[in-house]
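# Examination of the molecular architecture
Each chain, letter by letter, is given below.
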Amino acid sequence: MAQAKTLSKPELKQVFDVTRACSRYPERDITMLMLTHYCGLRVGEVAALRFEDIISNDGTLLSELTLDKERTKSKRSRKIFLPKKMMRQLREYLSGLKRRPAHGYLFSTQKSSRFSANTATQHLQRLYERAGMHGATSHSGRRTWLTQLSQKGVSVFVLAEMAGHQSIQTTQRYVTVNDELKRNAAELI
């Protein structure tokens, strides 16, 4: 099975632009996409997010969240740090909600039920296809996130910890070596 496509910044912008223009629920969909691209969440982890994961008891948006071991692939809890642009998007998404659904999950389908991992996977796949991103899958965001952080010089050990990988070999398979990564390496001399 081929690896999921890693998106360039212009390609990701195209996905966001097409989603904004064509989706019935653009803020929800962009927020889901951003959680994979800017936080490295797996699609099942996105589907499992609850309001209490991102909003404190006093109603403020948290700058980090902890995924408990029941919601991660590795069965180890993991801390996720939310970049400022992710927090802005979450605020936008939350401000547009008429009410919180009774099920308590952050994202709801058009039928007001929670997304399962499988439903969310299919949904993100359709968003990528609509934007013309052939080869992109629900895992593209995670691969793109790890590749971009690697291009910026983040150690593979830090990447593995952030991604929740037990082995750096797993993390290394996610990173796409491209000309930008090689150019950055050459400039270190």
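Preceding this paragraph is the structure being described.
First, a word on scope: everything that follows refers to the structure included in this document.

Cut-offs used in this document
Residues numbered from 1 in each chain as written. Predicted model: local features only at pLDDT ≥ 70, side-chain atom pairs only at ≥ 80, totals over all residues. Heavy atoms only, no water. Salt bridge = Lys/Arg side-chain N within 4 Å of Asp/Glu carboxyl O. Buried < 20%, exposed > 50% of the residue type's maximum accessible area, 1.4 Å probe, protein only. Helix = DSSP H or I, 4+ residues; strand = E, 2+ residues; numbered from the N terminus. Core = buried A, V, L, I, M, F, W, Y, C linked by side-chain atoms within 4.5 Å. Contact = heavy atoms within 4.5 Å. Pairing = 2+ DSSP bridges. Axes fitted to C-alpha atoms, helices over the stretch in contact; angles between N-to-C directions. Parallel < 35°, antiparallel > 145°, perpendicular 65-115°, else oblique. Left-handed = near helix turned anticlockwise from the far one by under 90°. Nonpolar A, V, L, I, M, F, W, Y, C, P; charged D, E, K, R; others polar. Expected span 1.5 Å × (residues − 1). Arc of directions from axis to C-beta. Polar contact = N/O pair within 3.5 Å; in protein donor to acceptor, adjacent residues only side chain to side chain.

### A closer look at the pattern of salt bridges
- Per the counting criterion, the structure on display carries eight salt bridges.
- Glutamate 52 serves as the salt-bridge partner of arginine 50, at 3.6 Å between the closest nitrogen and oxygen.
- Look at arginine 50 and you get partly exposed, because its relative accessible area is 23%.
- Its relative accessible area of 57% is what places glutamate 52 among the exposed residues.
- As a salt-bridge pair, aspartate 179 and lysine 182 come within 3.6 Å of each other at their nearest N and O atoms. With a gap of three residues between them, aspartate 179 and lysine 182 both fall in helix 10 (residues 179-186), about one helical turn apart.

### Looking at the nonpolar core
- Membership of the largest hydrophobic core comes to 39 residues, with the highest contact counts inside it found for Leu35, Leu41, Leu82, Leu106, Phe107 and Tyr128.
- Elements supplying a minimum of two residues to this core: helix 1 (9-22), helix 2 (26-39), helix 3 (43-47), helix 4 (51-54), strand 1 (64-67), helix 5 (84-96) and helix 6 (117-130).
- Counting residues per element, this core draws most heavily on helix 2, which supplies seven residues.
- Every residue in contact with leucine 41, bar those within four places of it in the chain, is listed here: Leu35, Thr36, Val46, Leu49, Leu67, Arg78, Ile80 and Arg142.
- Counting residues in each nonpolar core, the second largest holds eight residues, with Ala163, Tyr174, Val175 and Leu181 among its members.

### Examining unusual backbone geometry
- A positive phi angle, close to 65°, is found at serine 112, a residue other than glycine.
- Locating serine 112 in the fold gives a position in the loop between helix 5 and helix 6.

### Overview of the pairing of strand 2 (residues 78-81)
- Because side chains alternate across strand 2, one face comprises the buried residues Arg78 and Ile80, and the other comprises Lys79 and Phe81, none of which is buried.
- One ladder, built from four bridges, connects strand 1 with strand 2; its direction is antiparallel. Within strand 2, the position partnered with leucine 65 by the bridge is isoleucine 80.

### What about the packing of helix 1 against helix 2?
- With their axes 9 Å apart at the nearest point, helix 1 and helix 2 run at an angle of 160° to one another. Relative to helix 2, the element helix 1 lies roughly antiparallel. In the packing of helix 1 onto helix 2, the handedness of the crossing is right-handed. Across the interface between the two elements, Leu12, Val15, Phe16, Thr19 and Arg20 from helix 1 touch Pro26, Asp29, Ile30, Leu33, Met34, His37 and Tyr38 from helix 2.
- Class assignment of the residues belonging to the contact of helix 1 with helix 2 gives a composition of eight nonpolar, two polar and two charged.

### With respect to helix 5
- When the terminal C-alpha atoms of helix 5 are compared, their 19 Å separation across 13 residues agrees well with the 18 Å that a helix rising 1.5 Å per residue should span.
- Of the positions making up helix 5, those classed as buried are Met86, Met87, Gln89, Leu90 and Tyr93. All buried residues of helix 5 lie within an arc of 160° about the axis, which places them on one face of the element. Helix 5 presents Lys84, Arg88, Ser95 and Gly96 as exposed residues on the side facing more than 90 degrees away from its buried surface.
- Each element contacted by the buried residues of helix 5 is listed here: helix 1, helix 2 and helix 4.

### Description of the environment of glutamate 11
- Mapped onto the elements, glutamate 11 comes out in helix 1.
- Taking the C-alpha atoms as reference, glutamate 11 lies 31 Å from isoleucine 189; in sequence the two are 178 residues apart.
- In this structure, glutamate 11 is in contact with Lys5, Thr6 and Met133, ignoring residues within four places of it in sequence.
- Looking at glutamate 11, its side chain comes within polar contact range of the main-chain nitrogen of serine 8, at 2.9 Å.

### A closer look at the environment of glycine 141
- In this fold, glycine 141 is placed in helix 7 (residues 140-151).
- The class of glycine 141 is buried, set by a relative accessible area of 0%.
- Residues glycine 141 and glycine 40 lie 101 residues apart in sequence; the distance between their C-alpha atoms is 6.6 Å.
- Each residue touching glycine 141, except ones within four places of it in the same chain, is listed here: Thr36, His37 and Tyr128.

Remember that the coordinates give geometry; whether it matters functionally is a separate question.
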